[in-house]
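Each chain, letter by letter, is given below.
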Amino acid sequence: MKLTAEQLAQFEHDGYLFFPGLFTPAETKTLTDAVPALYARREAYNVREKGSDAVRTNFAAHLYSEPFAKLARHPRMVQPVMDLFGEALYMHQFKINGKMAFEGDVWQWHQDYGTWKNDDLMPTERAMNVAIFLDDVNAFNGPLMFIPGSHRKGVVDARHDLTTTSYPLWTVDHALITQLVERAGGKNGGIVSPTGPAGSMILFHSCLVHASTSNLSPWNRVSVYLSLCAVSNHVRRFKRPEYIAHRDFTPIACLPDDCLLTHHPVDLPWQNGLPASALVTTDVPFDQARQAA
Ligand code: SIN
Ligand code: MN
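The structure displayed is predicted, hence computed values, not measured ones.

Undergrad: Describe the overall build of the protein, naming the residues involved and giving the relevant values.
TA: Helices and strands together make up the secondary structure of the protein, namely 8 helices and 12 strands. The C-alpha radius of gyration of the protein comes to 18 Å, within 12% of the 19 Å expected for a compact globule of 293 residues. Judged by the C-alpha coordinates and their principal axes, the protein covers about 50 × 50 × 45 Å. In the protein, once contacts between residues fewer than 6 apart in sequence are set aside, the share between residues at least 24 apart is 85%. When the accessible surface of the protein is totalled, it reaches about 12,600 Å², and 55% of it is carbon and sulfur. In the protein, 26 side chains carry a positive charge and 30 a negative one; their mean positions are 3 Å apart.

As structure tokens, then:
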């Protein structure tokens, strides 16, 4: 899938592109059908909502679930980002966020690159999120909220929030959010929420400021996020477990466009469980570790 000159200009300006209904219902169903069994697993890679059994985030399914392994190599998700960066990509993070009916909790305002920089020592913002909706997303089930153009501010001040939700995040304070929303148009477009049918895709810049509210509706809002990083921009520290921030910088090789509906052998290295090495973490950046060795 090639981005047009108009789409590239819109991405530069707004920091995101929305593709409603990009994947067909049959393609989306191959993914949706696999989610309940993944969420039922009692594994470290299923992070549950605070005080609830509902899954907030499932990490790294592309390493143990065939349909998601194919999605991680899907040209509709990967090719536009390769074109934008002009470079091969590796998977920095892969998540299936639940935002389950009645139980899905907030994601505070943040930039993803803030967390990748502070926790993983990712050198620059040459990484991108690509999301696909597995459920219809509407105004009531906690859609993503973006501040258009906020990516053009680069990395903004953030604070490590370890308490609000079950998942630590570098979040942006309310005074700065107020300023950014004003600058983006205030009540006239200062916050936008792409909504649409299951199978819709969003591509968004790693510095785009975003959040989502809790889901008090009776409708799940399951979405998959591929966080794709330029290979030359790989992380320099393994402070977080490998199922959260990946350590394999091998370039992604795309499958054919019809891969979700056809057979393609894919590697599933964690099919029989999480390797112990994936839980090992260190505060020491690579360069220092190499010098000390
Ligand atoms: C995220 O910001 O990483 C997730 C937000 C959401 O799923 O609503
Ligand atoms: Mn995010």
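Moving on from the coordinates now.
Undergrad: Provide a residue-level description of the coordination of the manganese ion (ligand 2), including the pertinent values.
TA: The protein atoms that coordinate the manganese ion (ligand 2) are His 110 (NE2), Asp 112 (OD) and His 210 (NE2), at distances spanning 2.1 to 2.2 Å. Sequence spacing of the donor residues for the manganese ion (ligand 2), all on one chain, is H-x1-D-x97-H. Take His 110: its relative accessible area is 3%, and that puts it in the buried class.

Undergrad: Describe the nonpolar core, listing the residues and the values that go with them.
TA: In this structure, Phe 68, Leu 71, Phe 94, Ile 96, Val 224 and Leu 228 are the most contacted members of the largest nonpolar core, which totals 52 residues. Excluding residues that lie within four positions of it along the chain, Ile 96 makes contacts with Val 35, Leu 38, Tyr 39, Arg 56, Thr 57, Asn 58, Ala 61, Phe 68, Val 222, Ser 223 and Val 224. One finds Trp 109, Ile 147, Ile 177 and Val 181 within the second-largest nonpolar core, a separate group that totals 11 residues.

Undergrad: Lay out the site of ligand 1 with the relevant residues and their values.
TA: Close to ligand 1 lie Lys 95, Asn 97, Lys 99, Trp 107, His 110, Leu 144, His 210, Ser 212, Arg 221 and Tyr 225. Residue Lys 95 places a side-chain N or O atom 3.3 Å away from an oxygen atom belonging to ligand 1. Look at ligand 1: alone it shows 260 Å² of surface, and the protein chains cover 99% of it. More than half of the atoms of ligand 1 fall within 2 Å of the grid points belonging to the largest cavity. Elements that contribute at least two residues to the shell around ligand 1 include exactly β4 (89–97), β5 (107–110) and β11 (210–212). Among the residues making up the shell around ligand 1, the classes are represented as 3 nonpolar, 4 polar and 3 charged.

Undergrad: Explain the side chain of Asn 58 residue by residue, including any values.
TA: Considering the arrangement of structural elements, one finds Asn 58 in strand β3 (residues 55–59). Side chain to side chain, Asn 58 and Asn 46 meet in a polar contact 2.9 Å long. Among the polar contacts listed, one links the side chain of Asn 58 to the side chain of Tyr 64, at a separation of 3.2 Å. The contacts of Asn 58, once residues within four sequence positions are left out, are Leu 38, Tyr 39, Tyr 45, Asn 46, Tyr 64, Phe 94, Lys 95 and Ile 96.

Undergrad: Residues and numbers for the environment of Glu 125, please.
TA: Mapping Glu 125 onto the fold places it in the loop between α6 (112–120) and β6 (127–133). Here the alpha-carbon distance between Glu 125 and Ala 230, two residues 105 residues apart in the chain, equals 9.3 Å.

Undergrad: So what's going on with α6? Which residues, and what values?
TA: Along α6, 7 of the 9 residues are buried, which leaves the element largely enclosed by surrounding structure. Inspection of α6 places Asp 112, Tyr 113, Gly 114, Thr 115, Trp 116, Asp 119 and Asp 120 among the buried residues, and these make up the whole buried set.

Undergrad: Please set out the state of the cysteines residue by residue, giving values where relevant.
TA: All chains considered together, the criterion is met by 0 disulfides. With no disulfide of its own, Cys 229 lies closest to Cys 207 among cysteine sulfurs, the gap being 12 Å.

Undergrad: Hey, could you go over empty space enclosed by the protein for me, with residue numbers and the actual values?
TA: Evaluated as defined, the whole model comprises 1 cavity of 30 Å³ or more. Space inside the largest cavity adds up to approximately 160 Å³. Taken together, 17 residues make up the lining of the largest cavity; nearest its centre are Lys 95, Trp 107, His 110, Asp 112 and His 210. Taken together, the elements giving at least two residues each to the lining of the largest cavity come down to β4, β5, α6 and β11. A breakdown of the residues in the lining of the largest cavity according to their chemical character gives 7 nonpolar, 6 polar and 4 charged.

Undergrad: Please set out unusual backbone geometry residue by residue, giving values where relevant.
TA: In this model, Ala 60 sits at a positive phi of 65°, which is unusual for a non-glycine residue. Tracing the sequence through the fold places Ala 60 in the loop between β3 and α4 (66–71). A relative accessible area of 0% places Ala 60 in the buried class.

Calculation rules
Residues numbered from 1 in each chain as written. Chains lettered and ligands numbered in written order. Predicted model: local features only at pLDDT ≥ 70, side-chain atom pairs only at ≥ 80, totals over all residues. Heavy atoms only, no water. Helix = DSSP H or I, 4+ residues; strand = E, 2+ residues; numbered from the N terminus. Rg over C-alpha atoms; globule rule 2.2 N^0.38 Å. Contact = heavy atoms within 4.5 Å. Areas by Shrake-Rupley, 256 points an atom, 1.4 Å probe, with all protein chains shown as cover. Lys, Arg positive; Asp, Glu negative; His and termini not counted. Charge placed at Lys NZ, Arg CZ, Asp CG, Glu CD. Donors = N, O, S within 2.8 Å, 3.2 Å for Na, K, Ca; no water. Buried < 20%, exposed > 50% of the residue type's maximum accessible area, 1.4 Å probe, protein only. Core = buried A, V, L, I, M, F, W, Y, C linked by side-chain atoms within 4.5 Å. Near = heavy atom within 4 Å. Polar contact = N/O pair within 3.5 Å; in protein donor to acceptor, adjacent residues only side chain to side chain. 1 Å grid on protein atoms, 1.4 Å probe; cavity = no way out; pocket = protein on both sides within 12 Å on 5 of 7 lines; lining within 4 Å. Sits in = over half its atoms within 2 Å of the grid points. Nonpolar A, V, L, I, M, F, W, Y, C, P; charged D, E, K, R; others polar. Disulfide = S-S within 2.5 Å. Points joined across faces, edges and corners; volume = space filled by probe spheres on them.

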